[in-house]
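Structural features, examined
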Amino acid sequence: MARLRTCSLTWAALIILLLPGSLEECGHISVSAPIVHLGDPITASCIIKQNCSHLDLEPQILWRLGAELQPGDRQQRLSDGSQQSTITLPHLNHTRAFLSCCLNWGNSLQILDQVELRAGYPPAVPRNLSCLMNLTTSSLICQWEPGPETHLPTSFTLKSFKSRGNCQTQGDSIMDCVPEDGQSHCSIPRRHLLLYQNMGIWVQAENALGTSMSPQLCLEPMDVVKLEPPMLRTMDPSPEAAPPQAGCLQLCWEPWQPALHINQKCELRHKPQSGEASWALVGPLPLEALRYELCGLLPATAYTLQIRCIRWPLPGHWSNWSPSLELRTTERAPAVRLNTWWRQRQLDPRTVQLFWKPVPLEEDSGQIQGYVVSWRPSGQAGAILPLCNTTELSCTFPLPSEAQEVALVAYNSAGTSCPTPVVFSESRGPALTRLHAMARDPHSLWVGWEPPSPWPRGYVIEWGLSPPSTSNSNKTWRMEQNGSATGFLLQENIRPFQLYEITVTPLYQDAMGPSQHVYAYSQEMAPRHAPELHLKHIGKTWAQLEWVPEPPELGKSPLTHYTIFWTNAQNQSFSTILNASSRGFVLHGLEPASLYHIHLMAASQAGTTNGTVLTLMTLIPEGSELHILLGLFGLLLLLSCLCGTAWLCCSPSRKNPLWPSVPDPAHSSLGSWVPTIMEEEAFQLPGLGMPPITKLTVLEEDEKKPLPWESHNSSETCGLPTLVQTYVLQGDLRAASAQPQSQSGTSNQAGPPRQSSYFKDQIMLHPAPPNGLLYLFPITSVL
């Protein structure tokens, strides 16, 4: 039933909404302002008319901002019977939102009325207003910065007027220019402009919260004209024109046709195509000739060039840069100094090896395409005989017998360098002393010497791998011009772990001294392999080892020592150090029939390297030796037992625990507790004729003589007095202690002998010899 009732109410609500005068016509919202500053308060009221008869008499009005319900301030009935509800939003933080007035109808929320609320900012003042006169489109193009976002629909209008003065007085107005939405530039057509008359221009921004205007710009359209750039092109070659100089470019340009009547000035910029060089600016350029020769560039280098122009001397704006033009400069003859060095071959003294290095004399020394070595015979005027033409930095050629000097030049397509004379002088100067070399790092070597006297004018330093190859092409050399130098750092063509031969030759005026040689490693490395161990002989407690040293290698530091390591089965390690000249070693002190692991380590100043592991087992001892060892071990064990026994017998502290001390009854208080009847009654052992017994003594074990009254016949004991029979036991002590006796109404029990025992009649037992007599005496206290 409840579900049926809900469906009925829903259908009823739909019917009412479709009828004329529905819920939407019942309510109306009024707001204080539909557009406010972002964050400002806003007040709204909703009035429900009285003629809405299908509503409750007291309907509850609800407010909703966007999708969130908002509490209303108050709800009241007006004088005409309508209901009114008001709401105040203290801070409207939405740039755009819908405020709705609603009622609960059935199970749904019905909207009576809604309004759109907008919040934002008034327009900021437009900034950076600027204008350009474009002669191509014949229009004045102005642009500006609109300022920050207003969150409200804002319109911009470019306003202008004509003025005959400095825009202080306003003349004829010019039609407003309204840009498209989202754009901040606008164009005034040529028909509304006077090119040489001032005009005032400004931008007006407007939205629902206010209006702002930019500062006024007063200008003459031609004063802000922007020309199009000329077109650069290469100058056509002419037979009458001289070829361009080295490092120069000849170019021309074609001006923009619509600006031919305008005086201009232009400037050029250029940069090399290779590398990351910045633009270099050249200007102003002469416009009358429409051509220009650009010099001071690198020879034989490709360049990129551009040009631009501006109205001159009247005001204007620079044009854009023209499209790029690429040209290549001409070459110049090499401007270099050639440092030379030569060497005669040992097998053929007339064959000369000539080396050289170009040293630029200027920053733009020109490119070098090759070198020529030539000789001018003395008898032939003007004749030059080429000896070598190469692109390398060395040359080998046969020297004519009468030649003492040759000339070396560098050349390219523009010409040759100044000739460098090479004089083949003999070694007549003094040699340098104390030549030495050492490695600074894996890629450099320091070579030092002591200068000779007199000082030379320079030195030639050569270095290369050793041993030298059949060709000297791997040699590197350098000339040191300072004759007082005492060393040089070699950093060119130095590789680690290599042996280098370094040669230093002093140079004198028209002579040279003898060459000195020294060898050095750039960086030494540890041995590649350690020698392999071999077992030569082995015994029960020793092993003889030998090895073959590795042959020396280039770049390897010489060995300093060997170290032998051996480890037994208990993982105990031992080692010993041997000198580098050792070829074998004998290990002593090994255990027989034991396993050992041995390896050899080779060491140098550059590091260490371990060899392979050798595993061996010592020999097992023979049978006779084993018997001797067992006999010695048994003898040692026997001696140990004898010494231990003697020590136990002789030491009182060890004897007492094993053989307890027996108290002496003679020195005890025996007389104080012996009964009186024993003093009065005297008895004799039968057949012995001994005097009366007044004292009884227990014999020690070492006394073996039997007493006169000792007898194995038990009948003799029966002949003793009654008082004595009570205290005398005959036979085995252990048997006597096991049989209970009862005499005169007294029951006594004897157990194994011990220091002291407590019985019923207080009897103290003392040990007696085997099969002897045990004398028992009554005591009053335990001793």
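What you are looking at is a predicted structure, and each value in this text was computed from that prediction instead of being measured.

Analysis parameters
- Residues numbered from 1 in each chain as written.
- Predicted model: local features only at pLDDT ≥ 70, side-chain atom pairs only at ≥ 80, totals over all residues.
- Heavy atoms only, no water.
- Helix = DSSP H or I, 4+ residues; strand = E, 2+ residues; numbered from the N terminus.
- Contact = heavy atoms within 4.5 Å.
- Areas by Shrake-Rupley, 256 points an atom, 1.4 Å probe, with all protein chains shown as cover.
- Pairing = 2+ DSSP bridges.
- Axes fitted to C-alpha atoms, helices over the stretch in contact; angles between N-to-C directions.
- Salt bridge = Lys/Arg side-chain N within 4 Å of Asp/Glu carboxyl O.
- Buried < 20%, exposed > 50% of the residue type's maximum accessible area, 1.4 Å probe, protein only.
- pLDDT = per-residue confidence, 0-100.
- Disulfide = S-S within 2.5 Å.

**Here's the deal with the overall build of the chain**
For the chain, the helix and strand inventory stands at seven helices and 54 strands. Of the contacts made within the chain by residues no fewer than 6 positions apart, 62% connect residues no fewer than 24 positions apart. Total accessible area on the chain stands at roughly 46800 Å², and carbon and sulfur atoms take up 54% of it.

**Describing the sheet that holds strand 47 (residues 595-604)**
The strands making up a sheet are joined through hydrogen bonds of the backbone, oriented either antiparallel or parallel. Spatial strand order, 45-44-47-48: four strands in an open sheet with antiparallel pairing. Strand pairing shows two members of the sheet lacking a second neighbour, strand 45 (573-579) and strand 48 (607-617), which therefore form its edges. Each strand axis lies, on average, 20° off the axis of its neighbour in the sheet, ignoring direction. Here strand 44 (residues 559-567) runs beside strand 45; their pairing, made up of seven bridges, is antiparallel. What sits directly across from Phe 565, in strand 45, is Ser 575.

**Digging into the pattern of salt bridges**
Going through the model one piece at a time under the given rule, you end up with nine salt bridges. Notably, a salt bridge pairs Arg 127 with Glu 145, separated by 3.6 Å at the nearest N-O pair. In this pair, Arg 127 sits in strand 10 (residues 127-134) while Glu 145 sits in strand 11 (residues 139-145), placing the two residues 18 residues apart along the sequence. What makes Arg 127 partly exposed here is its relative accessible area of 48%. Classification of Glu 145 as partly exposed rests on a relative accessible area of 34%. Here Arg 434 and Glu 450 are joined by a salt bridge, their closest N and O atoms 3.3 Å apart. Taken together, the residues span a long stretch of sequence, with Arg 434 in strand 34 (residues 433-441) and Glu 450 in strand 35 (residues 444-450) at a distance of 16 residues. A relative accessible area of 65% places Arg 434 in the exposed class. A relative accessible area of 35% places Glu 450 in the partly exposed class. Among the ionic contacts, a cluster of salt bridges with common partners joins Arg 96, Glu 116 and Arg 118.

**Some remarks on the confidence of the model for the chain**
With 75% of its residues at a pLDDT of 70 or more, the chain has an overall mean of 77. Scored below 50 in pLDDT, residues 676-690 makes 16 contacts in the model with residues more than four places away or belonging to other chains. Segment residues 697-783: pLDDT under 50, and 104 contacts once partners within four positions in sequence are set aside and those in other chains are kept.

**Brief notes about the sheet that holds strand 35**
Strand order in the open sheet made by the three strands is 34-35-38, with antiparallel pairing throughout. Where the open sheet ends on each side, the last strands, each with one partner, are strand 34 and strand 38 (487-490). Averaged over all neighbouring strand pairs, the angle between strand axes comes to 15°, with direction disregarded. Where strand 35 lies against strand 38, four bridges are found, and the strand directions are antiparallel. What sits directly across from Gly 448, in strand 38, is Gly 487.

**Observations regarding the state of the cysteines**
Taken as a whole and assessed by the stated rule, the structure comprises seven disulfides. The partner cysteine of Cys 266 in its disulfide is Cys 309, sulfur to sulfur 1.7 Å. In this structure, the disulfide formed by Cys 266 and Cys 309 twists by about 95° around the S-S bond and is classed as right-handed. On the criterion of sequence distance, the pair formed by Cys 266 in strand 21 (residues 264-272) and Cys 309 in strand 24 (residues 302-311) is long-range, its members being 43 residues apart. With respect to class, Cys 266 is no different from Cys 309; both count as buried. A sulfur-sulfur distance of 1.7 Å marks the disulfide that ties Cys 388 to Cys 395. Looking along the S-S bond of the Cys 388-Cys 395 disulfide, the torsion reads about 115°, which is the right-handed sense. Classification of Cys 388 by relative accessible area gives buried; the value is 12%. Here Cys 102 stays unpaired: no disulfide links it, and the sulfur of Cys 101, its closest cysteine neighbor, is 6.5 Å away. Accessibility expressed as a relative area gives 0% for Cys 102, which makes it buried.

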